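Here are the chains, one letter per residue:
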Amino acid sequence: QIIDPSRPLDLQSTEPVVTIGPYPSWYNADAIVALDPWGAMVSAPDSALSAAARARGVSVQPSIAISRFEARMPEIVEALREGRLSADGAILREGGVVSCIKASIEPVWHLPGIARR
């Protein structure tokens, strides 16, 4: 099946599972030049930044994906059993289940900021 490149992107359900930021450095174009700190928020329904860009015909896509997962690792189970670790019920639960948050970041270069450096 050939995908029509002019078809609008479906960004439903791509909002991050946790909110990170914004922080003061995000507003300084010269502070961060190797990634888009707003990259996880562009698909939010109330994102004024991406709405304004889309209104100008700019293709705005998430460049940061934030997801949550649970992992059970033998080393953690052993450490719990031997008393080297204790479950807190939030991050580490009984049975060795660890609650994790992962961010996958696509590099996005701010060329004017790089040139100034």
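Not measured: the values here are computed from a predicted model.

Parameters and conventions
- Residues numbered from 1 in each chain as written.
- Predicted model: local features only at pLDDT ≥ 70, side-chain atom pairs only at ≥ 80, totals over all residues.
- Heavy atoms only, no water.
- Helix = DSSP H or I, 4+ residues; strand = E, 2+ residues; numbered from the N terminus.
- Rg over C-alpha atoms; globule rule 2.2 N^0.38 Å.
- Buried < 20%, exposed > 50% of the residue type's maximum accessible area, 1.4 Å probe, protein only.
- 1 Å grid on protein atoms, 1.4 Å probe; cavity = no way out; pocket = protein on both sides within 12 Å on 5 of 7 lines; lining within 4 Å.
- Points joined across faces, edges and corners; volume = space filled by probe spheres on them.
- Nonpolar A, V, L, I, M, F, W, Y, C, P; charged D, E, K, R; others polar.
- Core = buried A, V, L, I, M, F, W, Y, C linked by side-chain atoms within 4.5 Å.
- Arc of directions from axis to C-beta.
- Contact = heavy atoms within 4.5 Å.
- Pairing = 2+ DSSP bridges.
- Phe/Tyr/Trp six-rings, centres within 6.5 Å; stacked < 30°, edge-to-face > 60°.

1. Here's the deal with the overall build of the protein chain
Working step 1: Each helix and strand counted, the protein chain has three helices and three strands in total.
Working step 2: Beginning at the N terminus, the succession of helices and strands in the protein chain can be written as α-β-α-β-β-α.
Working step 3: Here the C-alpha radius of gyration of the protein chain, 20 Å, is well above what a compact globule of 117 residues would show, namely 13 Å.
Working step 4: Seen through its C-alpha atoms, the protein chain measures out along the principal axes to roughly 60 × 45 × 25 Å.
Working step 5: Expressed as a percentage of the 117 residues in the protein chain, the buried residues total 24%.

2. Focus: the layout of surface pockets
Working step 1: The calculated volume of the largest pocket comes to roughly 250 Å³.
Working step 2: Forming the walls of the largest pocket are Ile-3, Asp-4, Pro-5, Arg-7, Pro-8, Leu-9, Asp-10, Leu-11, Arg-54, Ser-59 and Val-60.
Working step 3: Of the residues assigned to the lining of the largest pocket, the class counts are six nonpolar, one polar and four charged.
Working step 4: For the second largest pocket, the calculated volume is near 200 Å³.
Working step 5: Around the second largest pocket, the lining residues are Ser-25, Trp-26, Asn-28, Ala-29, Ile-32, Leu-35, Asp-36, Pro-37, Trp-38, Val-108, Trp-109 and His-110.

3. Concerning the nonpolar core
Working step 1: Of all hydrophobic cores here, the largest spans five residues; its members are Ile-76, Leu-80, Leu-92, Val-98 and Cys-100.
Working step 2: Breaking this core down by element, the ones donating at least two residues are helix H2 (74-82) and strand S3 (97-105).

4. Considering H2
Working step 1: Of the residues making up H2, those classed as buried are Ile-76, Val-77, Ala-79 and Leu-80. Summarising the axial view, the buried residues of H2 lie within an arc of 165 degrees, below the 170-degree limit, and thus occupy one face. Those residues of H2 that are exposed and aimed more than 90 degrees away from the buried face are Pro-74, Glu-75 and Arg-81.
Working step 2: Tucked into the core, H2 has its buried residues touching strand S1 (64-72), strand S2 (92-93) and S3.
Working step 3: Backbone geometry just after H2 places Gly-83 at a positive phi near 85 degrees.

5. Points about the sheet that holds S2
Working step 1: The antiparallel open sheet is built from three strands, whose spatial order is S1-S3-S2. Here the strands that pair on one side only, and so sit at the sheet edges, are S1 and S2.
Working step 2: Relative to S3, S2 runs antiparallel, the two sharing two bridges. By the bridge assignment, Arg-93 is partnered in S3 with Val-97.

6. Section: the packing of aromatic side chains
Working step 1: Taken as a whole, this structure holds three aromatic pairs when the rule is applied.
Working step 2: Residues Tyr-23 and Trp-26 carry aromatic rings whose centres are separated by 5.8 Å and whose planes lie at 80 degrees to one another, so their mutual orientation is edge-to-face.
Working step 3: With a relative accessible area of 14%, Trp-26 lands in the buried category.
Working step 4: Here a set of aromatic residues connected by ring pairs shows up, and it is made of Tyr-23, Trp-26, Tyr-27 and Trp-38.

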